[in-house]
Structure formats: C-alpha cells, structure tokens
Amino acid sequence: MSGYILCREPMAAVPYYIENIGINIYSVEELCYYLYKNLHLADDSLMNQGLCTWLGQELGMKELAGKLAPLTEYTPVPLEEFACEVLRSVNYLTQEEMRTYRNRISALEKQSVPVREKLKADCLMENRKYVYAIRVYRKVLELTSGRQSSPRFAGSVYHNLGCAYSRLFQKEEALECFGQAYERLHTRDSLKHYLLAYSNARTPIEYESRLAELKVDEQTRRQIQDEISQFYSSTDICVQEHSMEELLERMTKEYHRNTGS
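Everything numeric here is computed off the predicted structure, so don't read it as measured data. (Residues numbered from 1 in each chain as written. Predicted model: local features only at pLDDT ≥ 70, side-chain atom pairs only at ≥ 80, totals over all residues. Heavy atoms only, no water.)

Participant: Looking at this model, I keep getting lost on the overall build of the protein. Mind explaining?
Facilitator: If you tally the helices and strands in the protein, you get 13 helices and 2 strands. When burial is assessed residue by residue, the protein has 45% of its 261 residues classed as buried. The long-range fraction of contacts in the protein, counting pairs at least 24 apart against all pairs at least 6 apart in sequence, stands at 56%. When the accessible surface of the protein is split by element, carbon and sulfur atoms take 48% of a total near 14,200 Å². (Helix = DSSP H or I, 4+ residues; strand = E, 2+ residues; numbered from the N terminus. Buried < 20%, exposed > 50% of the residue type's maximum accessible area, 1.4 Å probe, protein only. Contact = heavy atoms within 4.5 Å. Areas by Shrake-Rupley, 256 points an atom, 1.4 Å probe, with all protein chains shown as cover.)

Here it is in structure tokens:
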C-alpha cells in the first residue's frame, strides 16, 4: 500500500499477511485502508477466522474479533456486514463516506459472479500482481465457457489477460489473448493492440504478412507505426524489450478510456 496511514490503535508485533496482493499489515487502520481501497479483493481469503484470531491476539481487539468470527461461518462471508464492522471499529469513515461505501458494496453484489471476478482481476492488475490476475482472468473464462455471454465482456477479459501476460514478457501468450480479444470485439482499438503485440512477438516479415492477411487499411498501419515511432523518439532510454511493454501499458489506458471497460 502506498501513502501514509495515521495509526491511533496499537501496532502488531506479528503482521497479518494478505496473500492477494502480497502485503503485511500491522494495524486495524491498515486493514481499513485495504478494505476501503481494494473492495473487489475483499473475499474469503481475507475475511476468515485467521484474521479474527490476529485481531484478537495481536491487536487486543477481542470485541471486534468476537463480532467478526460468527460472520466467517457463512459462505460467502457477508461483505457489507464484515467490512463495515471493521471500519466502524475505529471510525475510519465519515457517515457520508460510509453511505457511499455501502452503495459500492450493494452495486458490486448485484453483479454476476464472472463480472465480480473480472473486477477482482482488474484490481490485482492495478496492484501489479500479474500472476494472481492471470489466474482470476482464466477463472472468469472458465465460468463463462459454454454459456451465453457478451462478446464485449469476453473480449475485455482476453484483452486484460493479454496485458497481464505482456507485463511478464510472455509474448506468445499475450499475442494469443490479444488475438482472441480482436476476434470478439472487432474494433480499431483491439486491432491496434493485436498488431502491436504481433509486431513485438514476430519478425518484420511475418508482421507485414499478417497485415496483408487482415487487409489492414493504410491509415491504421500508419497510426500503429506512428505510435511506436513517437514513443521511441520521446524517450531517452535505449530501445529494449520493456519499452514495448510501457507502450502497451499506455495504449491499454487509452483502450479503457475509449471503451469504459
């Protein structure tokens, strides 16, 4: 977690490890911060008996632990009741902020399981936990396999999965995912991402051949080449593999702005 958190409650000698994003927390304020900022990651892997034990033993918050422990017996754990109990324990939010937070939870719980899982994976991506994100995106694809689902939703999942692979320099996997995204979306943006990944994973001759196969118009060709050229001309670093990944990240942000996904 970035930033500073003012802690008024005791700090634990032994931290609680949150596996989702691989961090240790030492106070209830840090737990509140996590629940507030990472709502999509608040699941049974966090809200469990182990956390209750830690709160009671390491922080001496036995009353809070006693209130939370019965909630962990439900499947799934009631998110609103659990999270809000923690936040109330130190008056972490104002009344208005708490009302907004409850509305966020309510909106989340109305979503289907695949959508909630995708939001979780997106949150993992924001925290740069790419391996975990890949697992969750793959889970989303399994959940929707064989079912009627929106091509736009599946395309968005494949696109983000391709981004996760690209961050890990797994070019072939990234290319496959961007290709799957383009097959479902057939938008100019998805085509641009696919071709950019293609140029990064294949030889120039193969790239030109693929452009011809797809009958890519001259305007799109120039746009992609211009974006690559502009990126390289605007940086002082040598043209290395990670430069392409930075360009993919910038283009990904543009993609999300354009699609709202």
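Participant: It is not clear to me how the nonpolar core should be interpreted in this structure. Could you clarify?
Facilitator: Counting 74 residues, the largest nonpolar core has Val28, Leu46, Leu55 and Tyr101 as its most contacted members. Beyond its immediate stretch of four places on either side in the chain, Tyr101 contacts Leu35, Tyr36, Leu39, Ala83, Cys84, Leu87 and Leu93. (Core = buried A, V, L, I, M, F, W, Y, C linked by side-chain atoms within 4.5 Å.)

Participant: How do you make sense of unusual backbone geometry when you look at a structure like this?
Facilitator: Across the chain, the bulk of peptide bonds are trans and the bulk of non-glycine residues have phi less than zero. Look at the link from Thr75 to Pro76: it is a cis peptide, with omega at -5°. When you line up the elements, Pro76 lands in the loop between helix 3 (62–68) and helix 4 (79–89).

Participant: Can you walk me through the packing of helix 10 (residues 188–201) against helix 11 (residues 204–214) in this structure?
Facilitator: Think of two packed helices as two axes; the pair is described by the angle between the axes and how far apart they sit. Remark: helix 10 packs on helix 11, axes separated minimally by 9 Å, with the N-to-C direction vectors making an angle of 155°. Put simply, helix 10 runs roughly antiparallel to helix 11. Regarding helix 10 and helix 11, the two cross each other, and that crossing is right-handed. Of the residues in helix 11, those touching helix 10 at Leu191, Tyr194, Leu195, Tyr198 and Ser199 are Glu206, Tyr207, Arg210, Leu211 and Leu214. Looking at the contact of helix 10 with helix 11 residue by residue, the class counts come to 7 nonpolar, 1 polar and 2 charged. (Axes fitted to C-alpha atoms, helices over the stretch in contact; angles between N-to-C directions. Parallel < 35°, antiparallel > 145°, perpendicular 65-115°, else oblique. Left-handed = near helix turned anticlockwise from the far one by under 90°. Nonpolar A, V, L, I, M, F, W, Y, C, P; charged D, E, K, R; others polar.)

Participant: Is there a simple way to explain the layout of surface pockets in this structure?
Facilitator: Over the atoms, a rolled probe matching the size of one water molecule traces out where space is still vacant. Put simply, the largest pocket is a space of about 370 Å³. Lining of the largest pocket is provided by 16 residues; of these, Ala42, Asp43, Pro76, Arg116 and Glu117 occupy positions nearest its centre. Mapped by element, the contributors of at least two residues to the lining of the largest pocket are helix 5 (95–109) and helix 6 (113–126). The greatest single-element share of the lining of the largest pocket, amounting to 4 residues, is contributed by helix 6. Its residues assigned to classes, the lining of the largest pocket comprises 9 nonpolar, 1 polar and 6 charged. (1 Å grid on protein atoms, 1.4 Å probe; cavity = no way out; pocket = protein on both sides within 12 Å on 5 of 7 lines; lining within 4 Å. Points joined across faces, edges and corners; volume = space filled by probe spheres on them.)

Participant: Mind showing me how you'd approach the packing of aromatic side chains here?
Facilitator: Aromatic ring pairs are described here by two measures, namely the spacing of the ring centres and the angle between the planes. Following the criterion strictly, the structure yields 4 aromatic pairs and no others. Measuring from centroid to centroid gives 5.7 Å for Tyr16 and Trp54, while their planes differ by 50°, and the two rings are tilted. On the criterion of sequence distance, the pair formed by Tyr16 in strand 1 (residues 16–18) and Trp54 in helix 2 (residues 49–58) is long-range, its members being 38 residues apart. Of the two residues, Tyr16 and Trp54, neither departs from the other in class, the shared state being buried. (Phe/Tyr/Trp six-rings, centres within 6.5 Å; stacked < 30°, edge-to-face > 60°.)

Participant: For this particular structure, what's the right way to read the pattern of salt bridges?
Facilitator: It is possible for side chains of opposite charge to pair when their charged atoms get near one another. Evaluation of the coordinates by the stated rule reveals 13 salt bridges. Residue Glu63 is joined to Lys67 by a salt bridge in which the shortest nitrogen-to-oxygen separation is 3.7 Å. Within this pair, Glu63 and its partner Lys67 are both found in helix 3, separated by 4 residues, close to a single helical turn. Overall, the relative accessible area of 41% leaves Lys67 in the partly exposed class. Salt bridges sharing common partners tie together Asp43, Glu117, Lys120 and Lys139. (Salt bridge = Lys/Arg side-chain N within 4 Å of Asp/Glu carboxyl O.)

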